[in-house]
Amino acid sequence: QVHLVESGGGLVQAGGSLRLSCAASGRPFSNYVMAWFRQAPGKEREFVAFISRSGNSTYYVDSVKGRFTISRDNAKNTVYLQMNSLKAEDTAVYYCAAENRPAVVASGYDFWGQGTQVTVSS
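Summary of the structure given here. The structure presented is a predicted model; accordingly, all values stated were derived computationally and were not measured.

### Some details on a nonpolar patch on the surface
Where nonpolar side chains cluster on the molecular surface, the patch consists of Y59, V104 and V105 and spans about 260 Å² of accessible area. Position of V104 relative to the elements: it lies in the loop between β9 (92–99) and β10 (111–112). You can call V104 partly exposed: its relative accessible area is 40%.

Next comes the structure, spelled out in structure tokens:
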């Protein structure tokens, strides 16, 4: 199995930026498709982005296209989410997830981090 730990969350003003990191251990990192999800208070967990094993392919939910960038460094066993032009509606707990194949629903992922809080003030 793979163990995931997110970091980098915090409080920012609308229009600001944050970079989230997800450090993986336990299995070869390159074996996994990696994804970011988020969950706001009172809402279901929402897909944000995934990245292929090699990092050559990415996919984003429409609401973050042009603002967020997912990337990975397989040598460091780390996946990142660069978040720019943050909006109040981006406020959520952000989770890193890993799976053997890509998916855009939470049920498609077997391994999850503990989450990191992102709060955007308006």
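### Re the nonpolar core
Across soluble globular proteins, nonpolar side chains have a tendency to be buried as a group. L4, M34, W36, V79, L81, M83 and Y94 are the most contacted members of the largest nonpolar core, which totals 30 residues. For V79, the residues in contact, after removing those within four places along its chain, are L20, S21, C22, F29, M34, W36, I51, I70, S71, R72 and C96. In this structure, V33, A35, F37 and F47 belong to the second largest nonpolar core, which totals eight residues.

### Things to note about the pairing of strand β7 (residues 68–73)
Every second residue of β7 is oriented toward a common face, the buried set being F68, I70 and R72 and the non-buried set T69, S71 and D73. Both β7 and strand β8 (residues 78–83) contribute to a ladder of six bridges, which runs antiparallel. Opposite F68, over in β8, you have M83 as the bridge partner. Two successive antiparallel strands, β7 and β8, enclose a turn made up of four residues, where N77 displays a positive phi of approximately 55°.

### Quick word on the sheet that holds β8
With antiparallel pairing, four strands are arranged side by side in an open sheet as β1-β3-β8-β7. The open sheet terminates on both sides in strands that have one partner only, identified here as β1 (3–7) and β7. Between one strand axis and the next, the sheet turns by 15° as a mean value, whatever way the strands run.

### A short note on the packing of aromatic side chains
Evaluated as defined, the whole model comprises nine aromatic pairs. Seen from their ring centres, F47 and F50 are 6.0 Å apart, and the 55° between their planes marks the pair as tilted. For the pair shown, F47 and F50 are each scored as buried. Taking 6.5 Å as the distance between ring centres and 80° as the angle between the ring planes, the aromatic pair formed by Y95 and W112 counts as edge-to-face. Here W112 lies in strand β10 and Y95 lies in strand β9, a separation of 17 residues in the sequence. For Y95, a relative accessible area of 14% corresponds to the buried category. Through successive ring pairs, a cluster of aromatic residues spans F37, F47, F50, Y59, Y95, Y109 and W112. One cation-aromatic arrangement involves R45 over Y95; the distance from NZ or CZ to the ring centre is 3.7 Å. It is R45 that lies over the ring of W112; its NZ or CZ is 4.9 Å from the centre.

Procedures and definitions
Residues numbered from 1 in each chain as written. Predicted model: local features only at pLDDT ≥ 70, side-chain atom pairs only at ≥ 80, totals over all residues. Heavy atoms only, no water. Patch = residues over 30% accessible without salt bridge, like charges linked within 9 Å, V, L, I, M, F, W, Y side chains within 5 Å. Areas by Shrake-Rupley, 256 points an atom, 1.4 Å probe, with all protein chains shown as cover. Salt bridge = Lys/Arg side-chain N within 4 Å of Asp/Glu carboxyl O. Helix = DSSP H or I, 4+ residues; strand = E, 2+ residues; numbered from the N terminus. Buried < 20%, exposed > 50% of the residue type's maximum accessible area, 1.4 Å probe, protein only. Core = buried A, V, L, I, M, F, W, Y, C linked by side-chain atoms within 4.5 Å. Contact = heavy atoms within 4.5 Å. Pairing = 2+ DSSP bridges. Axes fitted to C-alpha atoms, helices over the stretch in contact; angles between N-to-C directions. Phe/Tyr/Trp six-rings, centres within 6.5 Å; stacked < 30°, edge-to-face > 60°. Lys NZ or Arg CZ within 6 Å of the ring centre and 35° of its normal.

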